[in-house]
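A structural walkthrough
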Amino acid sequence: MCFTPIISLTTFIIEFVVASYLIFFRKKSVANLGFGILLYVLGLYQLFEFLICTTGTPHIWARAGFITYTFLPAIGLHFVLRYLRKRHSQILVYTPPVLFSLYALLNPGFVVFATCTRMFVKISTILSNQTWLVGIYFAQYFAFLAYTIFLLIQRLPKEKNKKKKKIEKYLLTGIIVGLVPALVFLVILPSLNILFASVYCEFAVLFTIFALLSTKADAE
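As the structure is a computational prediction, the values presented were derived from the model and not from experiment.

Details of the overall build of the protein
- Each helix and strand in the protein was counted, giving 9 helices and 2 strands.
- Along the chain direction, N to C, the helices and strands of the protein fall in the order α-α-α-α-α-β-β-α-α-α-α.
- With respect to the principal axes defined by its C-alpha atoms, the protein has extents near 50 × 35 × 25 Å.
- Counting across all 220 residues of the protein, residues that qualify as buried make up 50%.
- Of the contacts formed within the protein by residues at least 6 apart in sequence, a portion of 71% connects residues at least 24 apart.

And the structure:
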């Protein structure tokens, strides 16, 4: 959440508008499509956080939020691999988030509790009580993000095309400021029962800015 539900809802609207702009009104490219889909997913998370605080069914939206951010690393890796034209198995990339999402959907007690105050959102899932499973979850989440960042860092010194190099810099920075904080604020800290000021929407907005910079560079 972003301190007040209205800010979270506003962030959701901004991200959906920008995502639609990138996908439907800008040049068709892997970078624009990737940024757009990630923005849709980030926007959905903001919407679910808003619904946690404004409806009488916070457990439902907490479960939906978990599924949403569980797919972020896989989507990021998938589109970076596509952009770099590296052959890969989509089944291999998406199997971990699909399995964890099915576990969340099929387990009636997956969300232990979900509460909202002006400054904090506190959500606990049964993953926190299953050390081996939460370890696997952390490992795949971190591995996907780390590999995505590694691919872009490895590519940058080799890229001779100035326009593509600029886009790759925006992709790298966007992944770092948009998805790495998700690992910290949405996955690690809640699993340790640590309350934190709900600032993730600020990182989501930064990701939106880099998405717009990327599409601008792609049009030059």
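Considering the side chain of Thr215
- Secondary-structure assignment places Thr215 in helix α9 (residues 200–219).
- Here Arg26 takes part through its side chain, which lies 3.4 Å from a polar atom of the side chain of Thr215.
- Look past the residues within four positions of Thr215 in its chain and what remains in contact with it is Leu22, Arg26 and Asn32.

Describing helix α3 (residues 58–70)
- For α3, which comprises 13 residues, the first-to-last C-alpha distance of 18 Å matches the rise-based estimate of 18 Å (1.5 Å per residue) to within 8%.
- The element α3 is extensively covered by neighbouring structure, given that 10 of its 13 residues are classed as buried.
- Taken residue by residue, α3 has Pro58, Ala62, Arg63, Ala64, Gly65, Phe66, Ile67, Thr68, Tyr69 and Thr70 as its buried positions.

Some details on a nonpolar patch on the surface
- Residues Val98, Leu99, Leu102, Leu105 and Leu106 make up a contiguous nonpolar surface patch of about 500 Å² in total accessible area.
- Here Leu106 is to be found in helix α5 (residues 90–106).
- With relative accessibility at 68%, the residue Leu106 sits in the exposed group.

Topic: the pattern of salt bridges
- Within the structure shown, the criterion is met by 2 salt bridges.
- Here Arg155 and Glu159 are joined by a salt bridge, their closest N and O atoms 3.2 Å apart.
- Arg155 sits in the partly exposed class, given a relative accessible area of 24%.
- Glu168 is the salt-bridge partner of Arg155, the closest N and O atoms lying 3.9 Å from each other. With Arg155 in helix α6 (residues 131–155) and Glu168 in helix α7 (residues 162–178), this residue pair connects regions lying 13 residues apart in the sequence.
- In the salt-bridge network here, residues are joined through shared partners; they are Arg155, Glu159 and Glu168.

Definitions and cut-offs
Residues numbered from 1 in each chain as written. Predicted model: local features only at pLDDT ≥ 70, side-chain atom pairs only at ≥ 80, totals over all residues. Heavy atoms only, no water. Helix = DSSP H or I, 4+ residues; strand = E, 2+ residues; numbered from the N terminus. Buried < 20%, exposed > 50% of the residue type's maximum accessible area, 1.4 Å probe, protein only. Contact = heavy atoms within 4.5 Å. Polar contact = N/O pair within 3.5 Å; in protein donor to acceptor, adjacent residues only side chain to side chain. Expected span 1.5 Å × (residues − 1). Patch = residues over 30% accessible without salt bridge, like charges linked within 9 Å, V, L, I, M, F, W, Y side chains within 5 Å. Areas by Shrake-Rupley, 256 points an atom, 1.4 Å probe, with all protein chains shown as cover. Salt bridge = Lys/Arg side-chain N within 4 Å of Asp/Glu carboxyl O.

What is shown is where atoms sit, not what they do.
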